[in-house]
Amino acid sequence: MRFSSHELLIDRDKLDAVQKAELERMAFQHACVPESYDIAVSAGHLLQTKCGQGIASVLADGRFWHIAGGLLAAEPAKADMIQWLYELSVNQRKTIAVYNVSELEAATFKAAGFVVNKFGEEPVVDLPGGNWNGKPFEWVRRQANFCERAGLAFSEVTEAGNDRPIAGTLLEIMHEDLQDRTFSQPLRLLEGQFNPFLLQRRRLFLATAASGRVEGFLACSPINGGHSWAFETYRKRKDATRGTTAYLFKSAMDTLRAEGVETVSLCLVPGRRVGLSSLGAGDWRIQKSLSLWYERLEFVFNAKGQDHFKSRFRPRYEDRYLCVAPANSVRSLWSFLKTTGATQPSWKNLASQFWKSVRG
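Every chain is numbered independently, its residues counted from 1 as its sequence is written. Confidence filtering applies because this is a predicted model: local features only for residues at pLDDT of at least 70, side-chain atom pairs given and counted only at 80 or more, and all residues used for totals across whole chains, interfaces and linings. Where side-chain values are given, they derive from all heavy atoms of the structure, hydrogens and water being excluded.

Q: I'd love a proper account of the packing of helix H4 (residues 138-149) against helix H6 (residues 244-258), names of residues and values included.
A: At a closest axis distance of 8 Å, the pairing of H4 and H6 adopts a crossing angle of 105°. Relative to H6, H4 is oriented roughly perpendicular. Note on element contacts: H6 touches H4 through Thr244, Ala246, Tyr247 and Lys250, opposite Trp139, Val140, Gln143, Ala144, Cys147 and Glu148. Its residues assigned to classes, the contact of H4 with H6 shows 6 nonpolar, 2 polar and 2 charged. To get an axis, a line is fitted to the C-alpha atoms, and for a helix only the part in contact is used. The angle between two axes follows their N-to-C directions and goes from 0 to 180 degrees. Per the convention used, a helix needs a DSSP run of H or I reaching at least four residues, while a strand needs a run of E reaching at least two, with both numbered from the N terminus. Should an angle lie under 35 degrees it is considered roughly parallel, over 145 roughly antiparallel, and from 65 to 115 roughly perpendicular; all remaining angles are considered oblique. Contacts are assigned to residue pairs that have any heavy atoms within 4.5 Å of one another. We call Asp, Glu, Lys and Arg charged. Ala, Val, Leu, Ile, Met, Phe, Trp, Tyr, Cys and Pro are nonpolar, and the rest, Gly among them, are polar.

In C-alpha cells, the structure reads:
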C-alpha cells in the first residue's frame, strides 16, 4: 500500500484510518527488533520505497535522518531497500543513520556502502524448555517469592479499552520512576516510546498490591508477528515492593512460554562490548564514544546497571549495529545526541547522579 505524498518524508499525522491500520499491520508482521513496532504508535515521519513494499520510521533533524526500529519489509526486499537508502543519502545529500541492526543485515548495509559500527548487544531469552531451576536463577526466584509473600499479584490487561482507564495510573508511575533520573523522558532511538492511550497490539502486564494499588507495569512489543516479544517499557513506583520488576519479568516470561512464544528480547544494551565485532571496527570515534558511555558514564545513562539486571535472567547476547551513510561526522554525532534528547538533561539530577557515582 502506498502512503501517498509529494515529499520524501510522510507526515504520519496525515494518514487516514485505513492507512494507519495498514501501517500497524506492517509493523506487526515485519517487526525485527524491539523498537520496530514503535512505528505504529510513535511520532515522527515515514519513509517509503517507491514500490511501496518497504517503510521506515524517521526522526529528521535537518539533513540528518535517524531511523529507529530497522526496516519494515519482507526479507527478500531488504537488500534492495538498503541499496536504495544509500543512493538516497548520496543523491539527496542526507546523512542516514539506521539503529539497532542485526549482524546479518549489517553485513548487507556494509556491502552497500554504509559505515557500520557495533552499537551494543541485545540480551535474548529462549523460552521453550526453559525453567527457573538451579543456582543460576536463585536470585530471580528469591525476588519473585518475596513479592508473592508480600501479596503482589500479577495480571494482564486483556480487554479492549482497559488501557484507557488505567492510563493515568501508568503515566503517574512513569513520572515517579523518572523524576530523579538524569533524563525525565525516555531517550528516543535508545528506548521505546510508551503511550498508554495507544497500545495497539502491545501487551500490558501489571504488578498489583493486595490493596489494589498498581506498583509496577511491563509493556511488551511484538516481534516477527508475535512469535517473539520485547520487554520494552517497565516502570515501578519508588516505594514498590522489592523485586517488583524481576517479578514482572519472570511472570511475563512464564505466561509467554505457556503460549508457545519462542523468545523474549530484553532490549538493547548500548555500548556493550562494542570493540568485539565480526564486521570490523567501523568509525573509531563512534566505537570509543559508545565504549566510554557504557564503562564510565553511568551517571548519565546507566547502561551497565541495566545490563547487570538483565543478565540475571541468563540471556544469550546478539550483536546489534549502527549503520550510517554516507559517513559519520562530528555534526552527525551531535544530531544523534540532540535527537535522543541527551542534550536536555535535568542538570540538578545529573549533578546528583554524578555525586552518587563519585561516592561509590
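Next, the rest of the story.
Q: Got a sec to walk through helix H7 (residues 284-296)? Specific residues and values, please.
A: Counted at 1.5 Å a residue, the expected span for H7 with its 13 residues is 18 Å, and the 17 Å between its end C-alpha atoms agrees. Within H7, burial applies to Ile286, Gln287, Leu290, Trp293 and Tyr294. Projected down its long axis, H7 shows its buried positions confined to an angular sector of 135°, all on one face. Along H7, the residues that are exposed and aim more than 90 degrees away from the buried face are Trp284, Lys288 and Arg296. Among the structural elements, strand S6 (115-126), strand S12 (269-270), helix H8 (303-311), strand S13 (316-325) and helix H9 (330-340) are those in contact with the buried residues of H7. Expected span of a helix: the number of residues minus one, times 1.5 Å. With a 1.4 Å probe rolled over the protein chains alone, any residue whose accessible area is under 20% of its type maximum counts as buried; one over 50% counts as exposed, and the rest are partly exposed. Think of the arc as the fan of directions from the helix axis to the C-beta atoms.

Q: Hey, could you go over the packing of aromatic side chains for me, with residue numbers and the actual values?
A: Under the pairing criterion, centres of Phe, Tyr and Trp rings, with the six-membered ring standing for Trp, must be within 6.5 Å; the plane angle then separates stacked pairs below 30 degrees from edge-to-face pairs above 60, leaving the rest tilted. The final tally for this structure, using the stated rule, is 16 aromatic pairs. Ring centres of Trp139 and Phe309 lie 6.1 Å apart, and the angle between their planes is 80°; on these two criteria the pair is classed as edge-to-face. One end of the pair, Trp139, is in helix H4; the other, Phe309, is in helix H8, with 170 residues separating them in the sequence. Criterion for a charge above a ring: Arg CZ or Lys NZ at most 6 Å from the ring centre, at most 35 degrees from the ring normal. Over the ring of Tyr317 we find Arg272, and its NZ or CZ is 3.6 Å from the ring centre.

Q: Just give me the short version of the pattern of salt bridges, but keep the residues and values in it.
A: Within this document, salt bridges are pairs made up of a side-chain nitrogen of Lys or Arg and a carboxyl oxygen of Asp or Glu, the two lying within 4 Å of each other. Enumeration over the complete set of coordinates arrives at 29 salt bridges. Across the pair Asp319 and Lys118 runs a salt bridge whose closest N-O atoms are separated by 3.0 Å. Of this pair, Asp319 sits in strand S13 while Lys118 sits in strand S6, placing them 201 residues apart in sequence. Residue Lys118 is classed as buried on the basis of its relative accessible area, which comes to 2%. As a salt-bridge pair, Lys304 and Glu295 come within 3.0 Å of each other at their nearest N and O atoms.

Q: Lay out the side chain of Glu122 in plain terms, naming residues and giving numbers.
A: If you trace the backbone, Glu122 turns up in strand S6. By relative accessible area, Glu122 is classed as buried at 3%. Pairing of N or O atoms within 3.5 Å defines a polar contact, subject to two protein rules: one partner must be a possible hydrogen donor and the other a possible acceptor, and residues neighboring in sequence count only if both atoms are side-chain atoms. Of the polar contacts made by the side chain of Glu122, one reaches the side chain of Arg320; its length is 2.7 Å. Beyond its immediate sequence surroundings of up to four residues, Glu122 is in contact with Pro34, Asn100, Ser265, Cys267, Leu268, Arg316, Tyr317, Glu318 and Arg320.

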